[in-house]
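Listed below, chain by chain, are the residues.
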Amino acid sequence: MGETMWNERQQQWLEEVYEKLTVKMAAECERAKDKIPYIARNGVFDDHSGKDQLNFWTNGFWGGILWQMYHATEQECYKEAARRLEAKFDYLLDEYIRLHHDVGFMWLHTAVADYRLTGDETARKRGLHAAALLAGRFNPAGRFIPAWNGEDRIGWIIIDSMMNIPLLYWATDETGDPRFAMIAREQADKELAMAVRPDGSCNHICCLDPMTGEMLDNPAGQGYESGSSWSRGQAWALYGFALSYRHTGEQKYLDAAKRVAHYFISSVVRTDFLPLCDFRQPSDPVYYDSTAGACAACGLLEIAEHVPMLEKTFYVDAALRILQAMESNWCDWDPDRDSVLQMGNAAYHDRPDQRHVPIIYGDYFFIEAILRLLKKDFLIW
Ligand code: GLY
């Protein structure tokens, strides 16, 4: 990818965004101290660092932002803050019982990112510990990884898992032990069979028979209703299958990523590239979700890395259109206020105070996408 994929005006836009990003993130890092941010309200991040909230699935993304900024700028302040966050998660590894499939999001962005960039041995051990916990969730009868805990959810898989299993691919690369990657492939195959529909849209949750792996139900999850199309779920599938292709070379995963991508792109065209919360929600009220756009943009850029030259422009152009539309409508560049990307949406039916707010993973994916386009990123997945 590179110079021929976008014009001079877009290159200038990217460089301007990067300048604003470096100013804003330096200020945020200084202000955040040891907070673990989730949502910003009135320009101030909340804090999930208390022990009761430490296992929340989004808690690694701040680490991901810090490591990406450290890699791009070499500013030590980012590394120091990221290391303090990484150490906090040791409590969760010891406690174990409250962990879930999102150990992928949590440790890929903290310990594994640290290890990839610095070679730190303690970080490697933490990453492998988390990978062993994720692999240990695998149900060999139904052949899937259940997402959450609780007897009533023992057979539930969710499409979000596609972004957690790169932790397993990493563990196989790191140890040479094929079991981790085999489990990741089982999960990708199950999601492909159960969650991805023929038109490229996806179910969020699939409730499976834990003994046979057969589908029992597909409730709405975080989307509008069963059979609708929660946009962040589409983005998890789009990027997740592209990553499974990167790690396995299996063509069926790239084909799935492209199918979901085509559905995603055709769904944002009618809203000027600003993603709705659910692509099949009623026309009123109009709920958006910026986090879906940011994650999808990263996934489109990932697909662009694996397709022939003639196809690349299509994916890069779609990513740029989404990013530029969101930047001009939804970004807050004031360095005195926390969070860049506004208009995130935790779930379609969520409490109103979780709707159209800046959410930490929106910022993470927006930053990753900008850094990818400028070749200043590193692969965290
Ligand atoms: N993984 C949960 C969510 O996307 O909200």
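The coordinates are above.
The rules behind these values
- Note that residues are indexed from 1 along each chain, following the sequence as it is written.
- It should be noted that, the model being predicted, local features are given only for residues of pLDDT at least 70 and side-chain atom pairs only at 80 or more, the latter also being counted only at that level, while totals for whole chains, interfaces and linings use all residues.
- Excluding hydrogens and water, the side-chain figures rest on all heavy atoms present in the structure.
- Helix numbering and strand numbering both begin at the N terminus, where a helix is a DSSP run of H or I of at least 4 residues and a strand a DSSP run of E of at least 2.
- Only protein chains enter the accessibility calculation, which uses a 1.4 Å probe; a residue whose area is less than 20% of its type maximum is buried, one above 50% is exposed, and one in between is partly exposed.
- Any two residues whose heavy atoms approach within 4.5 Å are treated as being in contact.
- Counted as salt bridges are all cases of a side-chain nitrogen of Lys or Arg within 4 Å of a carboxyl oxygen of Asp or Glu.

A.B. asks: What am I meant to see in the side chain of Glu86 here?
C.D. replies: Here Glu86 shows up in helix H3 (residues 76–88). Overall, Glu86 belongs to the buried group, its relative accessible area being 1%. The residues contacting Glu86, other than those within four sequence positions of it, are Trp67, Thr110, Ala111, Asp114, Ala123 and Arg126.

A.B. asks: Please explain unusual backbone geometry as it appears in this structure.
C.D. replies: Omega for the peptide link from Asp284 to Pro285 comes to 0 degrees, which places this bond in the cis form. Note that Pro285 resides in the loop between helix H10 (251–269) and helix H11 (290–304). Non-glycine residue Arg143 carries a positive phi angle of around 60 degrees. With respect to the helices and strands, Arg143 occurs in the loop between helix H6 (121–136) and strand E3 (156–158). Classification of Arg143 as partly exposed rests on a relative accessible area of 45%.

A.B. asks: Please clarify how the pattern of salt bridges should be interpreted in this entry.
C.D. replies: Here the idea is simple: oppositely charged side chains can pair when their charged atoms come close. Applying the stated rule across the entire model yields 25 salt bridges. With a shortest N-O distance of 3.3 Å, Lys20 and Glu327 are connected by a salt bridge. Here Glu327 lies in helix H12 (residues 309–330) and Lys20 lies in helix H1 (residues 8–32), a separation of 307 residues in the sequence. Here Arg126 ties to Glu86 by a salt bridge, and the two come within 2.8 Å at their closest N and O atoms. Of the two residues, Arg126 sits in helix H6 while Glu86 sits in helix H3, which places them 40 residues apart along the sequence.

Everything listed here is a matter of coordinates, which is why it stays silent on function.
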